[in-house]
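Okay, here's what each chain looks like letter by letter:
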Amino acid sequence: MQDAPHASPSPRSPVALPLLSPSLQLLAQRGDLRRYPKGTLIIQEGDRGDTLYIIVSGLLRAFSADETGREITYGVYGPGEYMGEMSLDGGLRSASVITQEPSACVVLTRETLTRHIAEHPEFAFELLAKVIHRARAVTLSAKRLALNDVYGRLRLLLTQPPNEACGADGLFNGRLTHQDVASRIGSSREMVSRLLKDLERGGYVAQQRGRLQVLRNLPPRW
């Protein structure tokens, strides 16, 4: 796992970033573009930080880990999203963030964001809406963990929105390792492997080279 300070900065540029919303493009012009290799830990849970990261390309994963290394994933985020807003009050980081693939982010300090909001107060409402959305997502995740067994949580992960890899039929088809699934649903990789193998034998899923495809609707119970 690499450390964020090894990221390579790029010169500030006025070039538009088409994958960002107009409001984020405006904010991004105030920051510095940095590129990170896959596996770079850019935010460490428990650290004190005042930096906001706007994702320009790549994928970032927010997670927590215990002393044994077991992880729970809160979400995977791509271009147009931003990370680090929860510590802009000066508190400790509530989660770690790592790059899932080579990524580029615009990095801004709390002071820069404060100046931007003073000049563009409407962005404060966008930031507030994002915080509320994330809080709702965490509440839903906690509810699913508390009220479902491991199979129930697996089924929800693969069939319930929001899910970036679900097609129009609502069935999952994307790259997702057994460890990825385990960290997202709060289970062990061994348990996930057993469940997916059983579902594969039943003709519900197909697995090949790290790709997982749901072939038909999963049964409510297993």
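Before going into details, it helps to say that this report is about the structure given with it. (Residues numbered from 1 in each chain as written. Predicted model: local features only at pLDDT ≥ 70, side-chain atom pairs only at ≥ 80, totals over all residues. Heavy atoms only, no water.)

**Overview of the environment of Pro219**
So the rule is basically this: We count a stretch as a helix when DSSP gives it H or I for four or more residues in a row; a strand needs E for two or more, and each element gets its number in order from the N terminus. By definition, residues are in contact when any of their heavy atoms lie within 4.5 Å.
Topologically, Pro219 is positioned in the segment after strand S13 (211-214). Spatially, the C-alpha atom of Pro219 lies 8.8 Å from that of Tyr204, the residues being 15 residues apart in sequence. What Pro219 contacts, discounting residues up to four positions off in sequence, is Tyr151, Arg155 and Tyr204.

**What to know about the pattern of salt bridges**
Inclusion rule: We define a salt bridge as a side-chain nitrogen of Lys or Arg found within 4 Å of a carboxyl oxygen belonging to Asp or Glu. Residue exposure (1.4 Å probe, protein chains only): buried if accessible area is under 20% of the type maximum, exposed if over 50%, otherwise partly exposed.
Per the stated rule, a full pass over the model turns up nine salt bridges. One salt bridge connects Glu190 with Arg189, and the closest N-O pair in it is separated by 3.5 Å. Under the relative-accessibility criterion, Glu190 is labelled partly exposed at 43%. One salt bridge in this structure joins Lys197 and Glu200, with 3.4 Å as the shortest N-O distance. In this pair, Lys197 and Glu200 both sit in helix H6 (residues 189-201), three residues apart, roughly one turn of the helix. Classification of Lys197 as partly exposed rests on a relative accessible area of 39%. Judged by relative accessible area, Glu200 falls into the partly exposed class, the value being 26%. Each of Glu81, Glu85, Lys130 and Arg134 takes part in one network of salt bridges that share partners.

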